[in-house]
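# Examining the three-dimensional arrangement
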Amino acid sequence: MSFKYNSALITHRRIHTGERPYECPKCGKSFSQSSTLIAHQRIHTGERPYECVQCRKSFKTSSELIIHQRVHTGERPYECGECGQTFSRSCHLIRHQRSHEGSTAYKECPYQCRECAKSFRWNSELIVHQRRHTGERPYECGECGKRFMSKSHLIYHQKTHTGERPYECDKCRKRFRNSSSLILHQQIHTDERPFRCPDCGKGFTRNCSLVRHRCIHTRERPYKCPECGKSFSQSSTLTEHQQTHH
């Protein structure tokens, strides 16, 4: 792995060495990053620097504030693929999914796409996926008429009209339309790369980047040109190739 800054490389190496140079003077617990130590020390000091502008309730970490703000915004980004019920927290979704345990859908992926043979655990996932083949976009924006494959994509799009950006980064004050975009952005400041390739150990900030990278190891070429049948490992390469047919 390579890094833009030497400090990021030094921090990364601690994953391999297990070094934890930042120690809490109160309880002796140690951490690999100073920012993690600072967040931990709030347990002892009781400091809650992240305040909700809606109700003035305060929190120890920005992630706790982000989760809390969903009470006011009504955002429920975690959807059950089996019944469509949505939740504000991933732990609530996981707990809910246990109610579907024992069903065939929970144990395997019986819902298969007839077009590309891709399989899904939930029927609702298959229905959304099939719209990629049919081009169906049932969710329409009342403001501009643009259509979308899923309701969540429509909700995200509608914020371009309202200008709503309720999620603010505490490091640089940049604002975002949803909490997931903020969480992804914050990895720029921490250099956190939670998605790691099991083959070479390279880390990525997004799962989709990891999936795309793994094609290097598997030699998989999932993007096929409908004109000539040539396959590619990345959608961008396919798009570039298709221009040769025009």
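Residues numbered from 1 in each chain as written. Predicted model: local features only at pLDDT ≥ 70, side-chain atom pairs only at ≥ 80, totals over all residues. Heavy atoms only, no water.

Where an unreviewed UniProt entry is consulted, the chain appears under the name C2H2-type domain-containing protein, with the organism given as Zosterops borbonicus. According to the UniProt record, the Subcellular location (unreviewed entry) comment for the chain reads "Nucleus". (UniProt positions renumbered as here; feature names shortened; annotations may be inferred.)

This part is about the overall build of the chain. In terms of regular secondary structure, the chain is built from ten helices and 16 strands. The buried share of the chain, taken over its 246 residues, is 25%. Of the contacts formed within the chain by residues at least 6 apart in sequence, a portion of 12% connects residues at least 24 apart. For the chain, the exposed area adds up to about 17,000 Å²; of that, 46% sits on carbon and sulfur atoms. (Helix = DSSP H or I, 4+ residues; strand = E, 2+ residues; numbered from the N terminus. Buried < 20%, exposed > 50% of the residue type's maximum accessible area, 1.4 Å probe, protein only. Contact = heavy atoms within 4.5 Å. Areas by Shrake-Rupley, 256 points an atom, 1.4 Å probe, with all protein chains shown as cover.)

Summed over the entire model, instances satisfying the criterion amount to six salt bridges. One salt bridge in this structure joins R56 and E51, with 3.0 Å as the shortest N-O distance. Here R56 falls in the exposed class, since its relative accessible area comes to 55%. A relative accessible area of 40% means that E51 is categorised as partly exposed. Members of the salt-bridge network, linked through shared partners, are E168, R173 and R175. (Salt bridge = Lys/Arg side-chain N within 4 Å of Asp/Glu carboxyl O.)

Before going further, it helps to examine the environment of Q234. Tracing the backbone through its elements, the reader meets Q234 in the loop between β16 (231–232) and α10 (235–242). For the pair Q234 and E220, spaced 14 residues apart in sequence, the C-alpha separation works out to 9.6 Å.

Before going further, it helps to examine the environment of H161. If you trace the backbone, H161 turns up in helix α7 (residues 151–162). For the pair formed by H161 and C141, sequence separation is 20 residues and the distance between their alpha carbons is 10.0 Å. Setting aside residues no more than four positions away along its own chain, H161 makes contact with C141, E143 and C144. Separated by 3.2 Å, the side chains of H161 and H157 make a polar contact. (Polar contact = N/O pair within 3.5 Å; in protein donor to acceptor, adjacent residues only side chain to side chain.)

Here we come to helix α2 (residues 34–45). Counted at 1.5 Å a residue, the expected span for α2 with its twelve residues is 16 Å, and the 16 Å between its end C-alpha atoms agrees. Along α2, the residues that are buried comprise L37, H40 and R42. Looking at the buried side of α2, the elements it contacts are β1 (22–23), β2 (30–31) and β3 (50–51). A positive phi of about 80 degrees marks G46, the residue just after α2. (Expected span 1.5 Å × (residues − 1).)

Throughout the structure, instances matching the rule amount to zero disulfides. The thiol of C27 is not disulfide-bonded; the next cysteine sulfur, from C24, is found 3.8 Å away. Using a relative accessible area of 43% as the deciding quantity, one classes C27 as partly exposed. Counting only cysteine sulfurs, C141 is the nearest neighbor of C144, a cysteine outside any disulfide, at a range of 3.8 Å. (Disulfide = S-S within 2.5 Å.)

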